Amino acid sequence: MHLRHALPLVLLTSGCALEPETPVFLSGTVLETDGTPWRGGPLTLMRPRKLPGPRPLPGEPPTGQPTLAYEPWAQVTPDADGLFLHELSARDTGADLLERPTPWASLKNFQLHLPPVDGARDFLALHFVLDVDVPPLRRWDSRVQSHPDAAGVKLSWVDVPALADIPSHTYAVQARGEWGVVWTQDTRSGEAFLGPEMLEDFAPPFAYVQARARGQRSWIQSALEYTDVHEAPPVPLPFTGAVPVSRGQPCETDAVVDPCPFTDGKLESKRVPISRFGSLEDELVFRLREPTRPRRVLIRGHTGTRPQEVFHVEGSLEGGAWVALGQSAPAPELGDAPYTDDVNTQFSFERDVDIPLAGGAPLVDKVRVYSLGTVPGLPTPSRGYFTQLREVSVF
């Protein structure tokens, strides 16, 4: 019998619990890069375990919540046609609705992984309770390449091919070093550029290209939410980053902050101080040692408060009037962030913003940054707020 036909229908009225040992089936198809059936051995089904302590992994979660780590839980073996039918139980997925001690952070979340190759990852992140048939899982032949030049490095790759009902993939490039994520940027095309300003001196980093597509499938008695995730092999970035002129300089919110946690080069996520009036800060000012003609400002780890935020940069010299220096493109929505295993880490709620400034900037010894974004119901954009940052760098 065809495995897909063997998938039983669980007759469950809404709100009714199954017996703990009632089977729950996970079925699907696995393909090679050329679309032929997968014959490369078993897949790994993983589950998220909650780790003790507020900082077991690099990157400090602003909430102080424990982080998660996915670990192998079972093997799923496809047949010669690349089809699989894996049996779990209502106890495993929480379909029995019974409260019991569990080591898992969630009974409904799983990951189904192809064997990793050369640091590449291909998996489906799954959220389900009852029987589900998952989208095809296929290894990404990214053919990622780096093209260094005097200004940095351009990365290029082949996009993930369309497959079944999986939505179009979006892409993110992350530079990661010994201290965690150094820079993240989204792209809709098959290439991206990383310059020395993105790397600074945050240890020798590697670039990772990630493709992800979020979707869902629904049946009469069951539903599946999934993310199709592919990560290309890491690419070394063989050039030296640049140190910003703002490194180690004081900053101002409601008062002068020295030393400033957002110019110290440590990449630690810190809360922006709340003013003495109890309000969130809507602008940041950075003092510079010497008058400078700034050409670029980078913001790392911003937690946005407005859809389609646009960041504005102004400069001042010796207490004079503020002069506009440039503005960013509209920042991407947070829902476009790269997929992360742990929703409490920096990957899922932060974004990095690059603000190239117009040429011929005047000499300034102070730089001010603020944002404007849309608010439903208001006719004009309003100021956004800074609540959490890792680093702001003026070059």
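Being a predicted model, the structure only gives us computed values, none of them experimental. (Residues numbered from 1 in each chain as written. Predicted model: local features only at pLDDT ≥ 70, side-chain atom pairs only at ≥ 80, totals over all residues. Heavy atoms only, no water.)

### Some points on the environment of Arg276
Relative to the helices and strands, Arg276 resides in the loop between strand S19 (270–271) and strand S20 (283–292). Taking relative accessible area as the criterion, Arg276 reaches 64% and is therefore assigned exposed. Considered as a pair, Arg276 and Asp254 are 22 residues apart in the sequence and their alpha carbons are 7.2 Å apart. (Helix = DSSP H or I, 4+ residues; strand = E, 2+ residues; numbered from the N terminus. Buried < 20%, exposed > 50% of the residue type's maximum accessible area, 1.4 Å probe, protein only.)

### A short note on the nonpolar core
Counting residues in each nonpolar core, the largest one holds 27 residues, and the members touching the most others are Trp140, Leu155, Trp157, Leu194, Val209 and Leu237. Contacts of Trp157, omitting those with residues within four sequence positions, involve Trp140, Ser142, Arg143, Val144, Tyr171, Val173, Thr187, Ser189, Gly190, Glu191, Ala192 and Val209. One finds Cys260, Phe311, Val353 and Leu389 within the second-largest nonpolar core, a separate group that totals 24 residues. (Core = buried A, V, L, I, M, F, W, Y, C linked by side-chain atoms within 4.5 Å. Contact = heavy atoms within 4.5 Å.)

### Structural notes on the packing of aromatic side chains
Pairs of aromatic rings are described using the distance from one ring centre to the other and the angle between the two planes. Per the counting criterion, the structure on display carries six aromatic pairs. Consider the rings of Phe110 and Phe128, whose centres lie 4.9 Å apart with planes at 25°: the pair is stacked. Here Phe110 is found in strand S5 (residues 109–113), whereas its partner Phe128 is found in the loop between strand S6 (121–127) and strand S7 (132–133), with 18 residues between them in sequence. The same class applies to Phe110 and to Phe128, which are both buried. These aromatic residues form a ring-pair network of at least three members: Trp73, Phe110 and Phe128. One residue, Arg47, lies across the ring of Trp73, its end atom 4.7 Å from the ring centre. Stacked on the ring of Tyr208, the Lys or Arg Arg176 has its end atom at 4.1 Å from the ring centre. (Phe/Tyr/Trp six-rings, centres within 6.5 Å; stacked < 30°, edge-to-face > 60°. Lys NZ or Arg CZ within 6 Å of the ring centre and 35° of its normal.)

### Considering the sheet that holds strand S21 (residues 296–302)
One open sheet holds the three strands; their spatial order is S24-S21-S28, and the pairing between them is antiparallel. Two strands in the sheet have a free side with no partner beyond their single neighbour: strand S24 (351–356) and strand S28 (391–394). Taken pair by pair, the neighbouring strands of this sheet meet at an average axis angle of 5°, ignoring direction. The pairing of S21 with S28 spans four bridges and is classified as antiparallel. Residue pairing across strands places Leu298 opposite Ser393, the latter belonging to S28. (Pairing = 2+ DSSP bridges. Axes fitted to C-alpha atoms, helices over the stretch in contact; angles between N-to-C directions.)

### Details of the sheet that holds strand S10 (residues 152–156)
Here three strands make up an open sheet; going across it, the order is S9-S10-S13 and the pairing antiparallel. Both edges of this open sheet fall to strand S9 (145–149) and strand S13 (191–194), since each of them pairs with a single strand only. The sheet shows a mean angle of 20° between the axes of neighbouring strands, taken without regard to direction. Both S10 and S13 contribute to a ladder of four bridges, which runs antiparallel. Among the inter-strand pairings, Leu155 is bridged to a residue of S13, identified as Ala192.

### A short note on the pairing of strand S22 (residues 310–316)
Within S22, seven of the seven residues are buried, which leaves the element mostly enclosed by the surrounding structure. The side-chain alternation of S22 yields two buried faces, one formed by Val310, His312, Glu314 and Ser316 and the other by Phe311, Val313 and Gly315. Summarising the sheet, S22 and strand S23 (residues 323–327) pair through four bridges and their orientation is antiparallel. Bridging from a neighbouring strand, Val313 pairs with Gly326 of S23. Connecting S22 to the next strand, S23, in antiparallel fashion are six residues, including Glu318 with a positive phi near 50°.

### Regarding the environment of Pro167
Tracing the backbone through its elements, the reader meets Pro167 in the loop between S10 and strand S11 (170–177). Given the relative accessible area of 31%, Pro167 is considered partly exposed. The residues touching Pro167, leaving out its near neighbours within four places in the chain, are Ala213, Arg214, Gly215 and Tyr226.

### Looking at the state of the cysteines
Working definition: the covalent bond between the sulfur atoms of two cysteines is a disulfide. Considering all chains together, one arrives at one disulfide under this definition. Paired through a disulfide, Cys251 and Cys260 show a sulfur-sulfur distance of 2.2 Å. Looking along the S-S bond of the Cys251-Cys260 disulfide, the torsion reads about 95°, which is the right-handed sense. For Cys251, a relative accessible area of 1% gives the class buried. (Disulfide = S-S within 2.5 Å.)

### So, the confidence of the model for the chain
Residues of the chain with pLDDT of at least 70 account for 88%, and the chain-wide mean is 86. The low-confidence segment residues 1–14 (pLDDT under 50) makes 29 contacts with residues lying over four places distant or belonging to another chain. Scored below 50 in pLDDT, residues 55–64 makes 21 contacts in the model with residues more than four places away or belonging to other chains. (pLDDT = per-residue confidence, 0-100.)

### A word on the side chain of Ser269
Relative to the elements of secondary structure, Ser269 occurs in the loop between strand S18 (256–257) and S19. Residue Ser269 is classed as buried on the basis of its relative accessible area, which comes to 3%. At a separation of 2.8 Å, a polar atom in the side chain of Ser269 contacts the side chain of Gln388. (Polar contact = N/O pair within 3.5 Å; in protein donor to acceptor, adjacent residues only side chain to side chain.)

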